[in-house]
Amino acid sequence: APVKPVVAPPVQKHDAKAAEKLIRKLTKIRTISAKFKQESIGSDGRIRTESGSMQIKRPGKFRWNTASPFEQEIVSLDKKVWLVDRDLQQVIIQIQDERMSNTPAQLLSGNVKEFLKDYQIGLYRDDKQERYTLTPTGDSDLFEKLDIVFRDGVLSSIELRDSLGGRRRVELSDVNVNGMISDSDFRVKIPKGYDVIDQTSNTEQ
Amino acid sequence: CATTPKEPELPLELRQTLWETRHKALQQMNHWQLMGKLGLRVPDQSGSMSVEWLQNRQDFTVYLDGPLGQSLAKIESNDHGIVVEADGKRYQGRTPEALLYDLTGWQLPVSYLRFWIQGVPVPDIQETSMQLDNEGQLSHLKQAGWTIDYLEYQNQPPVSLPGRIRVEKGDIRMTLVARRWQVK
């Protein structure tokens, strides 16, 4: 029998309907607060877990508080990001940029249509979950593949494979969508005695 | 509030004998792991990252991870040589300092930190100046142009280990906070 030609892995074709649905689903989320458990698996198999809580409010406001293994707060407000580290007693203030990109938080606080236009989107659905898979059309160095998973209609996990072969999975619990979150929740009170490194006005204090 | 009166300093010879016994114990510490946080204050590249340092006799592996759990760098030093991985690139040879600087722009004196982290000076460096506290622990160290201040210690049987260290040279300032020590 003729030898079956080697077929390249199926390039994900873009499912425009799924993209529309995902844009609607994500844009509907005006605010979201949840507990998170993040598992990072390095390309060498090294596993690290972090857990904490997060609050996000469109547009552009998010708070990502890690409780374990280290206490740390990452807060974004008005295009600035505060990185408060309890152990180091240090606060770094930066302009929000790609490098600091916290993809899950950016996805939920940024402009969804804008974010999704650079990705092929596919949808896998079964009775337990709706899994949207994003693969970048250009060579984005953010990630190689991103899965956004809804369970019973509620955002449940975001899984990301980066270009180094590492994987990060953020699992959400106690999810509260479109609850009241006031802007003052995104203000950072810098504890006394902390070392403040303000890189936004590029004149170091 | 009343500041706690500074303990009167014990005589130097006593502190030195305490240091000698302590130093021997630390030199026999061949297998240890440290999980901590590293704050880096450098003119235009300040940052904070978590550090995992695994030391086995002369070999060590160091993981540097970013605030969001993303892996920033991995440094491996063993008798095959030195490998540094960062940004999907992998470099070999030369010193960890040079490799890490090329890949990340950070000037981390990795080969020295290995000793300073444990609370001991780097061996065989001539101009070394040390100050000891009343427990015979290093409190201040000057070596190879770097200044190291030991701000906190954790009692970690069999010997206490540094909990908070500040390392400075010129406009580079690093703070290392040890979250968990494991000594085999």
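All values derive from a computational prediction rather than experimental measurement.

1. Observations regarding the overall build of chain B
Phase 1 of the analysis: The helix and strand inventory of chain B stands at three helices and 11 strands.
Phase 2 of the analysis: The helix and strand sequence of chain B, counted from the amino end, reads α-β-β-β-β-β-β-α-α-β-β-β-β-β.
Phase 3 of the analysis: Its C-alpha atoms give chain B a radius of gyration of 17 Å, near enough to 16 Å, the size a compact globule of 184 residues would have.
Phase 4 of the analysis: Across the 184 residues of chain B, 51% fall into the buried class.
Phase 5 of the analysis: As presented, chain B carries roughly 9400 Å² of accessible surface, and 51% of it is formed by carbon and sulfur atoms.
Phase 6 of the analysis: Averaged over its 20 positive side-chain charges, chain B has a centre that lies 4 Å from the centre of its 22 negative ones.

2. Re the interface of chain B and chain A
Phase 1 of the analysis: With 31 residues of chain B in contact, the opposing surface of chain A contributes 31 residues.
Phase 2 of the analysis: Where chain B abuts chain A, roughly 2500 Å² becomes buried across the two surfaces, and 47% of that area is made up of carbon and sulfur atoms.
Phase 3 of the analysis: Its largest share of buried area at the contact with chain A, chain B owes to Lys37, Arg41 and Leu68 of chain B, together 28% of the area lost on that side.
Phase 4 of the analysis: The interface formed by chain B and chain A contains eight salt bridges.
Phase 5 of the analysis: One salt bridge connects Lys74 of chain B with Asp44 of chain A, and the closest N-O pair in it is separated by 2.8 Å.
Phase 6 of the analysis: Those elements that place two or more of their residues in the side of chain B that touches chain A are β1 (31-41), β2 (47-56), β3 (59-65), β4 (71-78) and β11 (172-183) of chain B.

3. A short note on the pattern of salt bridges
Residue and element names in this part refer to chain A.
Phase 1 of the analysis: The final tally for this structure, using the stated rule, is 27 salt bridges over all chains.
Phase 2 of the analysis: One salt bridge connects Asp118 with Lys117, and the closest N-O pair in it is separated by 3.5 Å.
Phase 3 of the analysis: Residue Lys117 is classed as exposed on the basis of its relative accessible area, which comes to 53%.
Phase 4 of the analysis: It is possible to trace a salt-bridge network through shared partners that takes in Arg131, Lys145, Asp147, Glu159, Arg169 and Glu171.

4. So, the packing of aromatic side chains
All names here are of chain A.
Phase 1 of the analysis: Counted according to the given criterion, the structure contains 10 aromatic pairs over all chains.
Phase 2 of the analysis: Where Phe36 meets Trp64, the ring centres are 4.7 Å apart and the plane angle is 25 degrees; that geometry is what we call stacked. Of this pair, Phe36 sits in strand β1 (residues 31-41) while Trp64 sits in strand β3 (residues 61-68); the two residues are 28 residues apart in sequence, bridging distant segments of the chain. With respect to class, Phe36 is no different from Trp64; both count as buried.

5. Side note on helix α1 (residues 16-28) of chain A
All names here are of chain A.
Phase 1 of the analysis: Taking 1.5 Å as the rise per residue, α1 with 13 residues should run 18 Å; its terminal C-alpha atoms sit 18 Å apart, in good agreement.
Phase 2 of the analysis: All of the buried residues in α1 are Ala18, Ala19, Leu22, Ile23, Lys25 and Leu26. One side of α1 holds all its buried residues, which, seen down the axis, span an arc of 170 degrees. In α1, the exposed positions that point more than 90 degrees away from the buried face belong to Lys17, Arg24 and Lys28.
Phase 3 of the analysis: In this structure, the buried residues of α1 make contact with α2 (103-109), α3 (112-116), β7 (119-125), β8 (129-136) and β9 (145-151).
Phase 4 of the analysis: The N-cap residue of α1 is Asp15: its side-chain oxygen and the backbone nitrogen of Lys17 are 3.0 Å apart.

6. Quick notes on the nonpolar core
Phase 1 of the analysis: Counting 47 residues, the largest nonpolar core has Trp53, Leu64, Leu108 and Trp116 of chain B as the members making the most contacts within it.
Phase 2 of the analysis: Tallying contributions element by element places β11 of chain B first for this core, with five residues.
Phase 3 of the analysis: Residues contacting Trp53 of chain B, with those up to four places away along its chain left out, are Trp32, Gln33, Leu34, Phe60, Thr61, Val62, Val110, Leu113, Arg114 and Ile117 of chain B.
Phase 4 of the analysis: Within the second largest apolar cluster, 39 residues are counted, among which are Phe62, Trp64, Leu146 and Val170 of chain A.

7. Considering the sheet that holds strand β6 (residues 90-95) of chain A
All names here are of chain A.
Phase 1 of the analysis: Here 12 strands make up an open sheet; going across it, the order is β7-β8-β9-β10-β11-β1-β2-β3-β4-β5-β6-β12 and the pairing mixed. Of all strands in the sheet, those with a lone pairing partner are β7 and β12 (195-198), marking the two edges. With direction set aside, neighbouring strand axes in the sheet form an average angle of 15 degrees.
Phase 2 of the analysis: Against the sheet, α1 touches β7, β8 and β9, its axis set at about 110 degrees to β8.

8. Some points on the sheet that holds β11 of chain B
All names here are of chain B.
Phase 1 of the analysis: Across the sheet, 11 strands lie side by side as β6-β5-β4-β3-β2-β1-β11-β10-β9-β8-β7; this open sheet has antiparallel pairing. Each edge of the sheet is formed by a strand with only one pairing partner; in this case those strands are β6 (89-92) and β7 (128-132). Adjacent strand axes in the sheet meet at a mean angle of 15 degrees when their direction is disregarded.
Phase 2 of the analysis: Where strand β5 (residues 81-86) meets β6, four bridges bridge the pair, whose relative direction is antiparallel. Paired with Val83 across the bridge in β6 is Gln92.
Phase 3 of the analysis: Together, β7, β8 (138-143), β9 (146-154) and β10 (161-169) form the strand contacts of helix α1 (residues 12-27), whose direction differs from that of β7 by roughly 110 degrees.

9. Here's the deal with unusual backbone geometry
Phase 1 of the analysis: Cis rather than trans, the peptide bond between Arg58 of chain A and Pro59 of chain A has omega equal to -10 degrees.
Phase 2 of the analysis: Mapping Pro59 of chain A onto the fold places it in the loop between β2 (47-57) and β3.
Phase 3 of the analysis: At Lys79 of chain A, a residue that is not glycine, the phi angle is positive and equals roughly 65 degrees.
Phase 4 of the analysis: Within the secondary structure, Lys79 of chain A is located in the loop between β4 (72-77) and β5 (80-85).
Phase 5 of the analysis: A residue is classified by how much of its surface remains accessible, and Lys79 of chain A, at 62% relative accessible area, is exposed.
Phase 6 of the analysis: Positioned with a positive phi, Ala144 of chain B is a non-glycine residue whose angle comes to about 50 degrees.
Phase 7 of the analysis: Relative to the elements of secondary structure, Ala144 of chain B occurs in the loop between β8 and β9.
Phase 8 of the analysis: Residue Ala144 of chain B is classed as partly exposed on the basis of its relative accessible area of 28%.

Procedures and definitions
Residues numbered from 1 in each chain as written. Chains lettered and ligands numbered in written order. Predicted model: local features only at pLDDT ≥ 70, side-chain atom pairs only at ≥ 80, totals over all residues. Heavy atoms only, no water. Helix = DSSP H or I, 4+ residues; strand = E, 2+ residues; numbered from the N terminus. Rg over C-alpha atoms; globule rule 2.2 N^0.38 Å. Buried < 20%, exposed > 50% of the residue type's maximum accessible area, 1.4 Å probe, protein only. Areas by Shrake-Rupley, 256 points an atom, 1.4 Å probe, with all protein chains shown as cover. Lys, Arg positive; Asp, Glu negative; His and termini not counted. Charge placed at Lys NZ, Arg CZ, Asp CG, Glu CD. Contact = heavy atoms within 4.5 Å. Buried area = accessible area lost by both parts, 1.4 Å probe. Salt bridge = Lys/Arg side-chain N within 4 Å of Asp/Glu carboxyl O. Phe/Tyr/Trp six-rings, centres within 6.5 Å; stacked < 30°, edge-to-face > 60°. Expected span 1.5 Å × (residues − 1). Arc of directions from axis to C-beta. Polar contact = N/O pair within 3.5 Å; in protein donor to acceptor, adjacent residues only side chain to side chain. Core = buried A, V, L, I, M, F, W, Y, C linked by side-chain atoms within 4.5 Å. Pairing = 2+ DSSP bridges. Axes fitted to C-alpha atoms, helices over the stretch in contact; angles between N-to-C directions.

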